[in-house]
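A look at the structure
Here are the chains, one letter per residue:
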Amino acid sequence: QVQLVESGGGLVQAGGSLRLTCAVSGSIVSMSAMAWHRQAPGKRREMVAWITRNGDTSYPDSVKGRFTISRDNAKNTVYLQMNSLKPEDAAVYYCNGRAFTTALELKDYWGQGTQVTVSS
């Protein structure tokens, strides 16, 4: 069994910063690509940052230059640094990762989400 647990969400004023953390635990051999997604009320879930095991990253234009994804492979942890936050960044943020498990399976897993609220 594999668990992804997000932390670091909260309330921040527009223009402020937050750092989200996603810790992976369980029966994993290694984590492949990982990503952060978000979903605001009434909207579709969207990916906001993606990182390969080697550290290559990708962002949509809506967050490029403000959000930075990083990872620590030794700790099976991925981070999302969010700067210059805007009210439209408010959402539940989810961590997603592809794990190679001890059962020799390659599967996608999701965390339970962490709320980010941005006041104007």
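On a predicted model such as this, the values are computed, not experimentally measured, just so you know.

As a further point, take the sheet that holds strand β1 (residues 2-7). Taking strand neighbours across the sheet as the criterion, the four strands line up as β1-β3-β8-β7 in an open arrangement whose pairing is antiparallel. Here the strands that pair on one side only, and so sit at the sheet edges, are β1 and β7 (67-72). Averaged over all adjacent pairs, the angle separating strand axes in this sheet is 15°, with direction ignored. With six bridges joining them, strand β3 (residues 18-26) and strand β8 (residues 77-82) adopt antiparallel strand pairing. If you follow Ala-23 over to β8, its bridge partner there is Thr-77.

A word on the packing of aromatic side chains. Per the counting criterion, the structure on display carries zero aromatic pairs. Above the plane of the ring of Tyr-79 lies Arg-19, whose end atom (NZ or CZ) is 4.1 Å from the centre. Lying across the ring of Tyr-94, Arg-45 places its NZ or CZ 3.8 Å from the centre.

This part covers a nonpolar patch on the surface. Judged by side-chain polarity, Val-29, Phe-100, Leu-104 and Leu-106 come together as a nonpolar surface patch covering roughly 400 Å² of accessible area. Tracing the sequence through the fold places Leu-106 in strand β10 (residues 106-110). The exposed category is assigned to Leu-106, whose relative accessible area is 55%.

To continue, consider the nonpolar core. If you look at the biggest cluster of nonpolar residues, it comprises 30 residues, and the most contacted ones within it are Met-34, Trp-36, Leu-80, Met-82 and Tyr-93. Listed by contribution, the elements that provide at least two residues to this core are β1, β3, β4 (28-39), β5 (46-51), β7, β8, β9 (91-101) and β11 (114-119). When residues no more than four places from it in sequence are discounted, the contact partners of Met-34 are Leu-4, Cys-22, Val-24, Ala-49, Trp-50, Ile-51, Ile-69, Arg-71, Val-78, Cys-95, Asn-96 and Gly-97.

Applying the stated rule across the entire model yields one disulfide. Bridging Cys-22 to Cys-95, the disulfide has an S-S length of 2.1 Å. Handedness of the Cys-22-Cys-95 disulfide follows from its S-S torsion of about -80°: it is left-handed. Taken as a pair, Cys-22 in strand β3 and Cys-95 in strand β9 lie far apart in primary sequence, 73 residues in all. We classify Cys-22 as buried; its relative accessible area is 0%.

So, how was this worked out
Residues numbered from 1 in each chain as written. Predicted model: local features only at pLDDT ≥ 70, side-chain atom pairs only at ≥ 80, totals over all residues. Heavy atoms only, no water. Pairing = 2+ DSSP bridges. Helix = DSSP H or I, 4+ residues; strand = E, 2+ residues; numbered from the N terminus. Axes fitted to C-alpha atoms, helices over the stretch in contact; angles between N-to-C directions. Phe/Tyr/Trp six-rings, centres within 6.5 Å; stacked < 30°, edge-to-face > 60°. Lys NZ or Arg CZ within 6 Å of the ring centre and 35° of its normal. Patch = residues over 30% accessible without salt bridge, like charges linked within 9 Å, V, L, I, M, F, W, Y side chains within 5 Å. Areas by Shrake-Rupley, 256 points an atom, 1.4 Å probe, with all protein chains shown as cover. Salt bridge = Lys/Arg side-chain N within 4 Å of Asp/Glu carboxyl O. Buried < 20%, exposed > 50% of the residue type's maximum accessible area, 1.4 Å probe, protein only. Core = buried A, V, L, I, M, F, W, Y, C linked by side-chain atoms within 4.5 Å. Contact = heavy atoms within 4.5 Å. Disulfide = S-S within 2.5 Å.

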